[in-house]
Amino acid sequence: MTAVLQVALAGGVTGSLYGLLAVGIVLIYRTTGVLNFAYGAIAAVCACFMYVLLTGPRLNFWLALPLALIFAVALGIALERLFARPVLNAPVFTKAIATLALALVLQTVAQQIWPQLAQPEHFPSPFEGHATRIGGLYISAIGVTVLGVTAVVMVALALFLNRTRLGIAMRATADNQPVARLMGVPVGLVFPLVWALSAVVAALTGILFASQQAVIDVQFMDPLLILAFVAAVLGGLESLPGALLGGLIVGLTDSLLALVLAGRHVGALDVSDPGIRAALIFGGFVLVLLLRPQGLFGQAVLRKV
Amino acid sequence: MLKVERVSTGYGPLEVLREVSLEARAGEIVAVLGANGAGKTTLMRALTGLLATRAGAIWLDGQHVERLAPERRVRLGLALVPEGRDLFGSLTVRENLVMGAFTRRASAEIEAAMARVLAYFPRLKDRLHAQAASLSGGEGQMLAIGRALMSQPRALLLDEPSQGLAPIVVEAVFDVLARLNRDEGLTILLVEQNARKALGIAGRAYVLQSGTVALHGTPRELADTATLRELYLGG
Ligand SMILES: Nc1ncnc2c1ncn2[C@@H]1O[C@H](COP(=O)(O)OP(=O)(O)OP(=O)(O)O)[C@@H](O)[C@H]1O
Ligand SMILES: [Mg+2]
């Protein structure tokens, strides 16, 4: 029983990280029609910036954090201006491919500026080594922080998008951009805002993941990104809670598979290998999409394209 | 109030409007009639700024607006009820109305505008928290008009508000337009294929044919012309 709870907790924590990334991906996709494969690189660059603040001038973690988030806002706005705006009217597929190039550019530039991060480096965080036991359950400080930050981000996003003028304008722009302009929404300001917001979510996720791993390099978010896309598509690529739920499902599945497959072999094949788990998750994902092309929670949308 | 002077525009190589001139004076209801593809919606896009003009001028209260972005024109008092309503389907009725008042900042002002809209369209009151996509055709049109009114426009543009509505609903919608014009002096530019209904409330009308103004005059003058009768009033 404890083992299962322990696995569920671990799955919930990694699932939250997938979910946060998926939320950011859906946010950009819904508002600007960009399927952003550079999202992992954005998260990584922001976390790398945080690493540099922590190790270079040796800033306190809680001082470096807001600076890293400000950096994320600036990066988001810059990417919207320099990358997203020029390709705004291109087909969705073209834009998606362009983000792959963007990811490469971001990682290359980051590696040029911070060559030490080409290899894994130790990422110092105040969560390191802090954990407690409740019952038989091992609970790490970073695990609790991940769950807490995820909850706060989701509630804050929901309040912003549903209760504020600007948030409603963002949803209206996602719904029908020309008509949003007709209502007087300066769409030219909404797009950078969306990119800034999702870059902040990316930065938080990157910093949380780096703290959890205690190591960082320029490409450390890449393995997460693919599963975050799985989560976003499971959620139907349209709702933020759907994306989070998709992330949790992926995370829990991964942890449960790890438990079930631990130490097992099929013939000469060691099935406890993480690669095998990823393959199984993709297999299940393809199966789900065959049965429900609109994702697990997506509805057939009442909307003209 | 609203004046269009020799405006030409189109899409890519296709020129749709050619030197269109028309005018809606303060407090007038002006109808723009025309068959499918005549360029009525294109004219609305040019007026609101969704489509750039290639030549000519648009004046709103004596001010040049043809180079201004759509949001600037809304602030100056121009609002459009788009063809096919174009609601924000995933937003609630209330949120659609709030979006209509995006250019207004004071919340007291927004609440007052909402109360006024709901007085004209009491049906919307019970549906405030429903998703706009779930509205019936008539309710949707009321919301589209209400949303446009939320910006407190001085000139209201409507693109085929009768489209797809039952006759009794069309009646109700046109009744509200007439009241808005009579009680509040709202200037209305009404694009319609339903010539009979439009001429019923308009003071003057223009007939658009292949992107040019073919005719204009009072409803009485137009009703006598053979062209209009053949084209729109069924012979
Ligand atoms: N976005 C567009 N791109 C290219 N051509 C367009 C576009 N929109 C309209 N057209 C063309 O411009 C011409 C005028 O179209 P418009 O929509 O203005 O006509 P309309 O009078 O509003 O017609 P309807 O009564 O069917 O609404 C048509 O030939 C149409 O095919
Ligand atoms: Mg039209």
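By convention here, each chain's residues receive numbers from 1 onward along its written sequence. A letter from A marks each chain and a number from 1 marks each ligand, given out in the order of writing. Totals for whole chains, interfaces and linings use every residue, but because this is a predicted model, local features are given only for residues with pLDDT of at least 70 and side-chain atom pairs only at 80 or more, for both listing and counting. In computing side-chain values, all of the structure's heavy atoms are included and hydrogens and water are not.

S.K.: Which residues make up the pairing of strand β4 (residues 55-60) of chain B, and what values go with them?
M.R.: Residue and element names in this part refer to chain B. Here, any two strands with at least 2 DSSP bridges between them count as paired. Put simply, DSSP H or I for four residues or longer makes a helix, DSSP E for two residues or longer makes a strand, and each gets a number counted from the N terminus. Two strands pair when backbone bridges link them, and strand β1 (residues 2-11) and β4 are joined in this way by 5 bridges, in the antiparallel orientation. If you follow S8 over to β4, its bridge partner there is A55. Alignment of β4 against strand β5 (residues 63-64), held across 2 bridges, turns out to be antiparallel. Considered in β5, the bridge of W59 is made with H64. Turn length for the β4-β5 hairpin, with the two strands adjacent in sequence and antiparallel, is 2 residues, and the turn residue D61 shows positive phi of about 50°.

S.K.: Account for the interface of chain B and chain A, with residues named and values stated.
M.R.: In this assembly, 25 residues from chain B lie in contact with 20 residues from chain A. The quantity reported as buried area is the accessible area (1.4 Å probe) lost by two parts once they are put together, taken as the sum for both. In total, about 2100 Å² of surface goes out of reach between chain B and chain A, with carbon and sulfur atoms giving 62% of it. Looking at the side of chain B facing chain A, the largest losses of area belong to B:F88, B:M99 and B:F102, adding up to 30% of the total buried there. As a salt-bridge pair, B:E95 and A:R171 come within 2.9 Å of each other at their nearest N and O atoms. Note on contacts: a residue pair qualifies if any of its non-hydrogen atoms lie within 4.5 Å across the two residues. We count a salt bridge whenever a side-chain nitrogen from Lys or Arg sits within 4 Å of a carboxyl oxygen from Asp or Glu.

S.K.: Kindly report on the domain arrangement of chain B, identifying the contributing residues and their values.
M.R.: Residues and elements named next belong to chain B. Considered domain by domain, chain B is made up of domain 1 (2-77 + 153-232) and domain 2 (86-145). Listed by partner, the interface residues are 15 residues for domain 1 and 8 residues for domain 2. The junction of domain 1 with domain 2 conceals about 1100 Å² of combined surface from both sides, 65% of it contributed by carbon and sulfur atoms. Per-residue buried area on domain 1 facing domain 2 is highest for R75, V176 and E184; these three make up 34% of the total on that side. Counting across the domain 1 and domain 2 interface gives 1 salt bridge. Its salt-bridge partner being R116, residue E184 comes within 2.9 Å of it at the nearest N-O pair. Where the side of domain 1 that touches domain 2 is concerned, the elements lending two or more residues are α2 (70-75) and α6 (167-184). For the side of domain 1 that touches domain 2, the leading source of residues is α6, giving 8 residues. Three categories are distinguished: nonpolar for Ala, Val, Leu, Ile, Met, Phe, Trp, Tyr, Cys and Pro, charged for Asp, Glu, Lys and Arg, and polar for the others, with Gly belonging to the last. Looking at side-chain class alone, the side of domain 1 that touches domain 2 contains 9 nonpolar, no polar and 6 charged residues. Segmentation into domains, and thus their bounds, comes from an automatic or database assignment.

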